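Residue strings, one per chain:
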Amino acid sequence: MCRRCLALPTTGDSHLSQTSHFPVYQPAQAEENGGQTHSRPAIMEQPPSPLALPEESRLALYCRNSLRRLESIHAKKALMQRAGAAAAAWAEALLGEAKSASPSVLVLAGPGNNGGDALTMATLLRQRQITVITVFFGQIATLPKDAAQACQQFLAEGGQILPEMPSDTRCDLIVDGLFGIGLTHPLEGEAARQVEAANRLAREWDCPLLALDCPSGLNVDTGFCQGAVIHATHTLSFIAGKPGLYTADGVDCCGEIRVDDLGTSPDAALSPDGGRITLDTFAHCLQPRKRNSHKGTYGSVGVIGGAHSMTGAALLAGRAALKLGAGCVFIGLLDTQAPSVDFVQPEIMIRKPESVFDAILSALACGPGMGRSDHAAELLELAIAYPAPLILDADALNLLAFDDNLQTALLGRDAATLLTPHPAEAARLLDLQTVDIQQSRIHMAQELARRHRAWVVLKGSGSVISDPDGKWWINTTGNPGLSGPGFGDILSGILLALLGQGWPPGAALQAAAHLHGQAADDLVAAGIGPVGLCAGELIDATRARFNHWLREAGDR
């Protein structure tokens, strides 16, 4: 897989999730939102559909260099005209939602081809009798060829260009065509002021802000922004999806994302660099249960962790594994004073940690609440030697980061290894700072997977999954409700249950990440969170969503 984007310095994605309406666990009755229907100007009979693409095309992600190659391959297809038309169509749809009888648009055009796309859009909107206020930043004489032609056409048809933002006009839509995918450095000076002014006006006018191709200031390969950045409510990505739109800062900057391939069918010309995870990514593993089965059919799994004052972490992981279908769940608690039974979930078998290794396990998770004692290190060594798929999380990762012998032993494993670090744990494993991880999340996930011969999910906003060979995916489910204690333990438990039931490691990790975030989205949709969402609440919502998927699989 391509790693071009990852040499560059560099996100739950709740606004992208598609929440089905089905019963979920609801500790409290959700309030219903009663909305009034407003009549709006019928600018278009039907809204545009920039997403009228094959599913696999919408999910494919391309880095900057690959996008440049695609632009070169399709240079004869008048891409700027197509981009402008797609942008004008979505702009019209957004204006159709405005309450103004005579809607107007503020178009911000920059000094490159992104500005050309914006000017082409402005020309089309003017042709449709929509008021357009166009502000151009840069020198017209230095515009690239296609952008210069777009500017000439705009002026020839009576369009006017302003040198600065209007101060006495309110618009119903702002369009960001300032800087495109080529931007690799932080915006400063006048460029930063332009971006901040656009954000301010969108707030003051309470209007949508549509970014063309990507929000200005965002690194489309990494999702990292170091300076000023457009905070769009909508982003129209041309040709293909870009990884930076779906991870790190991109999740907060893009709003609703649509992809228009401009008629290029990119995956037919060039293999994607990565992809987004959806239900279809792992749907082949969703098999409804046979009636002729028993608990042994669904695997025995173990959790090693739960040192003094941290037993809750191991219990959460075990409870999640149980409710996601593991046949038997063993928990080895390091805390010698802990009860020998989980009074909330008595089906779980609690043992001394060394005794867990005596069971015949289908999968093992090591680390939740484990601590970093010498005893914990000894147990981690035993876990690495155990011949079953192994999940390393939390303190198991911290112990691994500072012990070369454990790292060497990990490389000698025959069974699958899966690492689930958050950015700080990833930084320790790679001897870096957390900011280094966040600046290049895809590359860091790949490096962890390569270095440890493991499947890796780098958790966070737009979790990144990498296989040992460097193939990568981004998960777009989830929301800020997951920013609390215990949610990583739940993820480990979900993953443990799927591995225990025989799922391949890659599909199990993709499904666990997607399910974990989707369950959180279901709870928020039901009025539970995101603020104050607790990890324990996620377990039953996860079970409900997973069973919903299984029923759908059985109906197909």
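Thresholds, definitions, all that
- Residues numbered from 1 in each chain as written.
- Predicted model: local features only at pLDDT ≥ 70, side-chain atom pairs only at ≥ 80, totals over all residues.
- Heavy atoms only, no water.
- Buried < 20%, exposed > 50% of the residue type's maximum accessible area, 1.4 Å probe, protein only.
- Helix = DSSP H or I, 4+ residues; strand = E, 2+ residues; numbered from the N terminus.
- Arc of directions from axis to C-beta.
- Contact = heavy atoms within 4.5 Å.
- Polar contact = N/O pair within 3.5 Å; in protein donor to acceptor, adjacent residues only side chain to side chain.
- Core = buried A, V, L, I, M, F, W, Y, C linked by side-chain atoms within 4.5 Å.
- Pairing = 2+ DSSP bridges.
- pLDDT = per-residue confidence, 0-100.
- Disulfide = S-S within 2.5 Å.

Asker: So what's going on with helix H14 (residues 404–411)? Residues and values would help.
Answerer: Burial in H14 covers these residues: Leu406, Gln407 and Leu410. Each buried residue of H14 sits inside an arc of 100° when the element is viewed along its axis, so together they form one side. In this structure, H14 carries Asp404, Asn405 and Thr408 as exposed residues pointing more than 90 degrees from its buried face. Along its buried surface, H14 packs onto helix H12 (374–385), strand E14 (390–392), helix H13 (395–401), strand E15 (417–419) and helix H17 (441–452). Two to three positions downstream of the cap, the backbone nitrogen of Asn405 sits 2.9 Å from a side-chain oxygen, assigning the N-cap of H14 to Asp403.

Asker: How would you sum up the nonpolar core? Please name residues and give values.
Answerer: Side chains of nonpolar character tend, in soluble globular proteins, to be buried together. Ile304, Leu364, Cys366, Met370, Leu380 and Leu392 are the most contacted members of the largest nonpolar core, which has 102 residues in total. No other element matches the 11 residues that helix H3 (residues 79–96) contributes to this core. When neighbours within four sequence positions are excluded, Leu392 is seen to be in contact with Cys366, Leu380, Leu397, Leu400, Leu410, Leu418, Leu419 and Thr420. In this structure, Phe282, Cys285, Phe487 and Ala513 belong to the second largest nonpolar core, which totals 61 residues.

Asker: Run through the sheet that holds E15, naming residues and quoting values.
Answerer: The sheet built from 11 strands is open, its strands ordered E1-E9-E18-E17-E16-E15-E14-E13-E10-E11-E12 with mixed pairing. Here the strands that pair on one side only, and so sit at the sheet edges, are strand E1 (60–61) and strand E12 (349–351). Bridging between strand E16 (residues 455–458) and strand E17 (residues 464–466) involves three bridges; their strand directions are antiparallel. Within E17, the position partnered with Leu458 by the bridge is Val464.

Asker: Can you lay out the confidence of the model for the protein chain for me, pointing to particular residues and giving the numbers?
Answerer: Confidence in the prediction for the protein chain averages 90 pLDDT; 90% of positions are at 70 or higher. The low-confidence segment residues 1–52 (pLDDT under 50) makes 126 contacts with residues lying over four places distant or belonging to another chain.

Asker: Report on the side chain of Asn219, specifying residues and quantitative values.
Answerer: With respect to the helices and strands, Asn219 occurs in the loop between strand E6 (209–212) and strand E7 (234–238). Here Asn219 falls in the buried class, since its relative accessible area comes to 7%. Polar contacts involving the side chain of Asn219 include one to the main-chain amide nitrogen of Asp221, which spans 2.9 Å.

Asker: Account for the state of the cysteines, with residues named and values stated.
Answerer: All chains considered together, the criterion is met by zero disulfides. Here Cys225 stays free of any disulfide, with the sulfur of Cys253 as its closest cysteine sulfur at 4.6 Å.

Asker: Help me get a handle on the environment of Glu97, residues and values and all.
Answerer: Relative to the helices and strands, Glu97 is located in the loop between H3 and strand E2 (104–109). Using a relative accessible area of 52% as the deciding quantity, one classes Glu97 as exposed. When the C-alpha atoms of Glu97 and Asp172 are compared, they prove to be 9.5 Å apart, with 75 residues separating the residues in sequence.

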